[in-house]
Amino acid sequence: MQEPIHDLAAAYALDALDDPERSEFEEHLAGCPQCADEVGQLRDTAASLAFAVEGPAPPEELRERLIQQVRAEGPPNVVPLRRRRWPLAAAAVVAVAASAAAIVLGLWASSLSRSLDDKRAALAIVADPSARRVALGQDSVVSVLPDGKAALVSRIAHAPPGKTYELWVIDGGQAKPAGSFLVGKRGNPVLLSRRAVKGSQIGLSLERAGGAEHPTVILSVSRAI
Amino acid sequence: MDLKLLPSSQTRTGSGNYSGFPDEALLALTSRGDELALAELYDRHARVAYGLAIRVLRDPTLAEDAVQEAFLTVWRTAGAFLADRGKPSTWILTLVHRRAVDIVRREERRRAAPLDSVEEPEAATPTTEDEIELSNRRRAVQEALRRLPDEQREALELAYYGGLSQSELAERLSVPLGTIKSRMFAGLRRLRDLLGDAGFDGPLTEL
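Caption draft 1: Expanded view of the overall build of chain A. Scanning chain A from N- to C-terminus turns up 6 helices and 8 strands. Tracing chain A from N to C terminus, the helices and strands come up as α-α-α-α-α-α-β-β-β-β-β-β-β-β. Counting over 225 residues, chain A shows a buried share of 46%. Long-range contacts, defined here as pairs at least 24 residues apart, represent 56% of the contacts in chain A between residues at least 6 apart. Accessible surface computed for chain A: about 11400 Å², of which carbon and sulfur atoms make up 55%.

Caption draft 2: Quick peek at the state of the cysteines. One pass over the full model with this rule turns up 0 disulfides over all chains. Free cysteine: C32 of chain A, not disulfide-bonded; nearest cysteine sulfur from C35 of chain A at 3.6 Å.

Caption draft 3: Structural context of the environment of L136 of chain A. Relative to the helices and strands, L136 of chain A is located in strand β1 (residues 132-136). Contact partners of L136 of chain A, with chain neighbours within four places excluded, come to V141, V142, L152, L167, I202, G203, L204, S220, V221 and S222 of chain A.

Caption draft 4: Examining the pairing of β1 of chain A more closely. All names here are of chain A. Pairing between β1 and strand β2 (residues 140-144): 5 bridges, direction antiparallel. The partner of V134 across the bridge, within β2, is V142. What sits between β1 and β2 in their antiparallel hairpin is a turn of 3 residues, with G137 showing a positive phi close to 70 degrees.

Caption draft 5: Local environment of empty space enclosed by the protein. Under the defined criterion, the tally for this structure stands at 1 cavity of 30 Å³ or more. What lines the largest cavity is simply A13, D15, R43, A46 and A47 of chain A together with L93, T94, H97 and Y160 of chain B. Elements with a contribution of two residues or more to the lining of the largest cavity: α3 (33-48) of chain A together with α4 (88-107) of chain B. Here the residues of the lining of the largest cavity are counted per class, giving 5 nonpolar, 2 polar and 2 charged.

Caption draft 6: Expanded view of the interface of chain B and chain A. Of the residues lining the interface, 80 residues belong to chain B; the matching set on chain A comes to 68 residues. Taken over both partners, the interface formed by chain B and chain A buries close to 6900 Å², and the fraction arising from carbon and sulfur atoms is 63%. Run the count over chain B and chain A and you get 10 salt bridges. In this structure, the salt-bridge partner of D15 of chain A is R98 of chain B, at a minimum N-O distance of 3.5 Å. Scanning the region where chain B abuts chain A turns up 23 residue pairs in polar contact (both at pLDDT 80 or more). Among the secondary structure elements, those contributing two or more residues to the side of chain B that touches chain A are α1 (23-31), α2 (35-57), α3 (60-82), α4, α5 (129-146), α6 (150-160), α7 (166-173) and α8 (177-197) of chain B. No other element matches the 13 residues that α2 of chain B contributes to the side of chain B that touches chain A. A class-by-class count of the residues in the side of chain B that touches chain A yields 42 nonpolar, 20 polar and 18 charged.

Caption draft 7: A look at the pattern of salt bridges. Scanning the entire structure with this criterion turns up 19 salt bridges over all chains. For E64 of chain B, the salt bridge identified is with R65 of chain A, shortest N-O distance 2.7 Å. With E64 of chain B in helix α3 and R65 of chain A in helix α4 (residues 60-73), this pair bridges two chains. A salt bridge links R76 of chain B to E73 of chain A; the nearest nitrogen and oxygen atoms lie 2.6 Å apart. One end of the pair, R76 of chain B, is in helix α3; the other, E73 of chain A, is in helix α4, on a second chain. Note on R76 of chain B: relative accessible area 44%, which makes it partly exposed. Overlapping salt bridges bring together R22 of chain A together with E69, R99 and D102 of chain B as one network.

Caption draft 8: Quick peek at the packing of aromatic side chains. Under the criterion given, the structure shown has 4 aromatic pairs over all chains. Seen from their ring centres, Y160 of chain B and Y161 of chain B are 5.6 Å apart, and the 80 degrees between their planes marks the pair as edge-to-face. With respect to class, Y160 of chain B is no different from Y161 of chain B; both count as buried. Its guanidinium or amino end placed over the ring of F51 of chain A, R137 of chain B lies 4.3 Å from that ring's centre, counting from NZ or CZ.

Caption draft 9: Layout of the nonpolar core. Ranked by internal contacts, the top residues of the largest apolar core, which has 89 residues, are L14 and F25 of chain A together with F21, L57, V67 and M184 of chain B. Those residues within four positions of F25 of chain A in sequence are excluded, and the remaining contacts are I5, L8, A9, Y12, L17 and V39 of chain A. Counting 22 residues, the second-largest nonpolar core is a separate cluster that includes V134, V169, F181 and L206 of chain A.

What counts as what
- Residues numbered from 1 in each chain as written.
- Chains lettered and ligands numbered in written order.
- Predicted model: local features only at pLDDT ≥ 70, side-chain atom pairs only at ≥ 80, totals over all residues.
- Heavy atoms only, no water.
- Helix = DSSP H or I, 4+ residues; strand = E, 2+ residues; numbered from the N terminus.
- Buried < 20%, exposed > 50% of the residue type's maximum accessible area, 1.4 Å probe, protein only.
- Contact = heavy atoms within 4.5 Å.
- Areas by Shrake-Rupley, 256 points an atom, 1.4 Å probe, with all protein chains shown as cover.
- Disulfide = S-S within 2.5 Å.
- Pairing = 2+ DSSP bridges.
- 1 Å grid on protein atoms, 1.4 Å probe; cavity = no way out; pocket = protein on both sides within 12 Å on 5 of 7 lines; lining within 4 Å.
- Points joined across faces, edges and corners; volume = space filled by probe spheres on them.
- Nonpolar A, V, L, I, M, F, W, Y, C, P; charged D, E, K, R; others polar.
- Buried area = accessible area lost by both parts, 1.4 Å probe.
- Salt bridge = Lys/Arg side-chain N within 4 Å of Asp/Glu carboxyl O.
- Polar contact = N/O pair within 3.5 Å; in protein donor to acceptor, adjacent residues only side chain to side chain.
- Phe/Tyr/Trp six-rings, centres within 6.5 Å; stacked < 30°, edge-to-face > 60°.
- Lys NZ or Arg CZ within 6 Å of the ring centre and 35° of its normal.
- Core = buried A, V, L, I, M, F, W, Y, C linked by side-chain atoms within 4.5 Å.

As structure tokens, this is what we get:
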């Protein structure tokens, strides 16, 4: 009596397959989106069984051992950045060109507002040959100068009504606000109001209009500068 | 602009200043080698993870091994997991559970007493917001388990807490393998519905 392999989803979610069955099912999973979906849901429910257990707290030494081992092992292999790196770099160049043209066309003749100063400063950073480019999610790139001055180029969609995007410089476990903006594309580039020092990371979050002291809805975090 | 918003986290007492970060963001930071982010994930999930490992393994040393190895896997592969878009808490508990089951099968130490017959230590009165939430959640899952048909609950408990494979279950209960499969499947489905009714839709990312 040959059972269809899909029937193994519940047993798999409960880790109730023996090794050969498990390998066979995982092979099947890789090519069966329905089963993968199903297993995802069943696993959520199976994992909730863990919450029914009343157990002792883990010993404090376990935490220390874990941290020590992690330090000894060093950082995990950096995950390669997903595609779009090139198009984004190109987008940055286009943004520079477009904004520069806008400036030349006299956009700034009305008033030399602070925001326009910021924009020019941001443009200068993006155009600076010494700037390093760091991806921030799939839709944004941050250019960082050696002294930590940074600017963002993004093609992120307009922030939803009542919301704003907020940038963060994350360093030593602390996220400090680094400015907010509403829209990618035409809003480009955005100057970060805080320097991104070496070793820090840039975060992007979505916040209520007016910004926040601490990030609430994190959208993406860059690798270390 | 395929932007998936991540759930916001509740306030909690955790390590460092990552307390306001959702699990997904902590995983993103972990995948870039941030130890503090891993420590925060540990502080959030180790309590449940260790309780589970003890339940399956019945041995503190082996349970510590299972938890430690699971969190090392989190450290090494957080980046790969992020692409899957699953719930981080489910992933972490799955890693712990699988590790525990592998060990228990290797060690031949499995015990498969149903949850109800096990003398659980009396919980200290929960004091922090996290402990209260955890304790509410525990009661909700226990209650949902109690409301399952007996044979479904038995199948889930023997498999999940006992570490028995479906074939071992069929043998032990003297029923056909197909019946075991149906009981596990129906049991998980029913449990999900009961937890949904109770307002607990699977593990919360915030927990």
